[in-house]
Amino acid sequence: MNTLSVDLGERSYPIHIGSGLCTNASLIPPALLKGKAVIVTNQTIAPLYLEAVTNSLRNAGAECIPIVLPDGEAYKSLETLNKIFDALLTHRCERKTPLIALGGGVIGDLTGFAAATYQRGVPFIQIPTTLLSQVDSAVGGKTAVNHPLGKNMIGAFYQPQVVIADMDTLRTLPPREFAAGLAEVIKYGLLGDIEFLNWLELNIDRLTALEPEALAYAVERSCQDKAEIVARDERETGDRALLNFGHTFGHAIEAGMGYGAWLHGEAVGAGMVMAARFSEKLGLINKADVQRVVDLLVRAKVPVAAPELGVDRYLELMGHDKKVEGGKIKFILLKKPGESFICNQYDAAALNAVLATPQQTHA
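Residues numbered from 1 in each chain as written. Predicted model: local features only at pLDDT ≥ 70, side-chain atom pairs only at ≥ 80, totals over all residues. Heavy atoms only, no water.

(A) Just the pairing of strand β1 (residues 2–6), in detail. As judged from the five bridges shared by β1 and strand β2 (residues 13–18), these two strands associate in the antiparallel manner. Counterpart to N2 in the pairing with β2 is I17. Two successive antiparallel strands, β1 and β2, enclose a turn made up of six residues, where G9 displays a positive phi of approximately 65°. (Pairing = 2+ DSSP bridges. Helix = DSSP H or I, 4+ residues; strand = E, 2+ residues; numbered from the N terminus.)

Shown next, in the form of structure tokens:
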């Protein structure tokens with residue numbers, strides 16, 4: 001097991017990465033397991049891990065209350081959030097009752113938002129079971145639900161007390177889910193870690209083959225990159241926005257196609273290609289740089305051709321992005337692969353050209 005730290009002063013917390021960890025109750029502060037503990041999961045994850053996690057926590061002294069939700073991005077909503085509140089109130093959960101997210105990004109975001117708002121804040125623990133949640137959504141304290149007009153528009157910054165990333169859970173992931181997680185891994189290399197990007201290009205086939213050593217390194221390096229950025233900018237007033245590389249386009253794809261039609265990582269992958277093409281049209285990078293992005297994503301089995309929603313529809317959806325400031329959409333663009341920046345001054349014609357033909361990849 002390797003342990004990293006997200007350094008946020010009194011809100012600092014560890015990220016434990018290793019095998020067999022989701023049933024290791026000793027990784028959770030003992031004070032949180034002296035009474036009721038709520039485990040929030042979904043109908044896909046529950047048959048795989050709920051019983052084992054519950055038994056582990058009960059053996060540590062907790063009275064476990066399971067909440068099993070429907071699976072999928074379509075359920076990341078206020079309606080589903082209210083089901084969590086209904087259960088918490090029915091079981092008379094108190095301010096010291098921890099909420100434990102056992103699942104992927106949707107479960108983590110829902111549980112975190114519930115923890116942030118139930119009785120104005122209760123303890124929150126992340127046990128991410130997907131690659132995407134282990135390397136991205138479980139780290140950093142962003143919690144939210146979707147709105148029909150925009151993704152993650154209703155939420156709160158609320159840090160967990162511990163993140164427990166069990167590598168064994170990745171072996172039960174469907175290939176499509178695993179590939180979607182790889183898109184977020186690749187993001188870290190592209191936006192600011194050229195050494196990691198070079199490593200990924202050499203080792204992507206080991207990752208798609210689920211080689212344990214390569215997987216552990218990729219998860220740890222991704223978490224380390226994110227933890228460093230979050231420590232500098234917890235509430236996204238500056239550098240943290242770089243973590244949204246590909247997301248302004250990607251969130252528009254998710255909303256435009258209907259939540260759940262595209263997995264989040266798939267939309268981010270296609271969004272990163274669109275961001276690279278936009279960077280090229282602005283003269284920041286060249287076609288070979290764009291092709292480098294495309295080639296790595298293709299090897300990771302991530303979609304690279306975005307859907308044609310039309311220029312006006314893309315602009316409408318991106319207008320609801322959280323990075324909009326003064327009515328101006330901000331983008332994360334590439335100076336070169338491995339170095340990104342926040343851009344709010346750009347040629348609208350260049351953007352429209354990318355949106356008009358989003359499926360073009362130079363491949």
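Picking up after the structure, the text goes on.
(B) Quick look at the packing of aromatic side chains. Scanning the model with the defined rule gives seven aromatic pairs in all. Between W199 and Y217, the ring centres sit 4.6 Å apart and the planes meet at 50°, which makes this aromatic pair tilted. One end of the pair, W199, is in helix α6 (residues 194–208); the other, Y217, is in helix α7 (residues 212–232), and 18 residues separate them in sequence. On the basis of relative accessibility, which here comes to 17%, the residue W199 falls in the buried class. An aromatic cluster is built from F249, F278, F331 and Y346, whose rings are joined through pairwise contacts. The ring centre of Y188 lies 4.8 Å from the NZ or CZ of K187, which sits over that ring. (Phe/Tyr/Trp six-rings, centres within 6.5 Å; stacked < 30°, edge-to-face > 60°. Buried < 20%, exposed > 50% of the residue type's maximum accessible area, 1.4 Å probe, protein only. Lys NZ or Arg CZ within 6 Å of the ring centre and 35° of its normal.)

(C) Inspection of the pattern of salt bridges at higher detail. Under the definition given, this model contains 19 salt bridges. Its salt-bridge partner being E254, residue K151 comes within 3.2 Å of it at the nearest N-O pair. Placement of K151 in strand β8 (residues 150–157) and of E254 in helix α8 (residues 247–257) is noted, with a sequence separation of 103 residues between them. R292 is the partner of E201 in a salt bridge, and the nearest nitrogen-oxygen pair spans 2.7 Å. With a gap of 91 residues between them, E201 in helix α6 and R292 in helix α10 (residues 287–299) connect regions that are remote in the sequence. The partly exposed category is assigned to E201, whose relative accessible area is 24%. One network of salt bridges, with partners in common, ties together D136, E184, K187 and K226. (Salt bridge = Lys/Arg side-chain N within 4 Å of Asp/Glu carboxyl O.)

(D) Representation of the side chain of T169 in the model. Summarising the element assignment, T169 is placed in the loop between β9 (162–166) and α5 (175–192). For T169, a relative accessible area of 2% puts it in the buried group. There is a polar contact of 3.3 Å between the side chain of T169 and the side chain of Q134. Among the polar contacts made by the side chain of T169, one reaches the main-chain carbonyl oxygen of D166 at a distance of 2.8 Å. Among residues more than four places away in sequence, those in contact with T169 are Y49, P128, T129 and Q134. (Polar contact = N/O pair within 3.5 Å; in protein donor to acceptor, adjacent residues only side chain to side chain. Contact = heavy atoms within 4.5 Å.)

(E) Layout of helix α3 (residues 105–117). The end-to-end C-alpha distance of α3, which contains 13 residues, comes to 18 Å, matching closely the 18 Å that a straight helix rising 1.5 Å per residue would cover. Most of α3 is tucked away: twelve of the 13 residues are buried. The positive-phi residue at the C-terminal boundary of α3 is Q119, with phi of around 50°. (Expected span 1.5 Å × (residues − 1).)

(F) Representation of the environment of L202. With respect to the helices and strands, the residue L202 is situated in helix α6. Separated by 94 residues in sequence, L202 and L296 have C-alpha atoms that sit 9.9 Å apart.

(G) Region of interest: the layout of surface pockets. What the second largest pocket holds in volume is close to 160 Å³. Lining of the second largest pocket is provided by A31, L32, L33, K34, G35, K36, R92, E94, K96, T97 and P98. Residue composition of the lining of the second largest pocket, grouped by class: four nonpolar, two polar and five charged. (1 Å grid on protein atoms, 1.4 Å probe; cavity = no way out; pocket = protein on both sides within 12 Å on 5 of 7 lines; lining within 4 Å. Points joined across faces, edges and corners; volume = space filled by probe spheres on them. Nonpolar A, V, L, I, M, F, W, Y, C, P; charged D, E, K, R; others polar.)

(H) Representation of empty space enclosed by the protein in the model. What the rule picks out here adds up to four cavities of 30 Å³ or more. Here the largest cavity is characterised by a volume of approximately 90 Å³. Every residue lining the largest cavity is counted, 13 residues in all, and those nearest its centre are K151, H251, L317, H320 and D321. Every element with two or more residues in the lining of the largest cavity is listed here: β8, α8 and α11 (311–318). Among the residues forming the lining of the largest cavity, the class breakdown is six nonpolar, four polar and three charged. In this structure, the second largest cavity occupies an estimated 40 Å³ of space. Around the second largest cavity, the lining residues are K142, E236, N244, H251, D321, K322 and K323. Here the lining of the second largest cavity is composed, by residue class, of no nonpolar, two polar and five charged.

(I) Structural detail: the side chain of T129. As for its position among the elements, T129 is in the loop between β6 (124–128) and α4 (131–137). T129 gets classed as buried once you look at its relative accessible area, which sits at 2%. Setting aside its immediate chain neighbours within four residues, T129 contacts I45, Y49, L102, G103, G104, Q134, T169, L170 and L173.

(J) Local environment of the packing of α11 against helix α12 (residues 348–356). The geometry of α11 relative to α12 is characterised by a closest axis approach of 8 Å and an angle of 110° between their N-to-C directions. Taken together, the axes of α11 and α12 lie roughly perpendicular to each other. In this structure, α11 crosses over α12, and the sense of that crossing is right-handed. Along the contact surface, α11 presents V311, Y314, L315 and M318, while α12 presents L351, N352, L355 and A356. Taken together, the residues of the contact of α11 with α12 sort by class into seven nonpolar, one polar and no charged. (Axes fitted to C-alpha atoms, helices over the stretch in contact; angles between N-to-C directions. Parallel < 35°, antiparallel > 145°, perpendicular 65-115°, else oblique. Left-handed = near helix turned anticlockwise from the far one by under 90°.)

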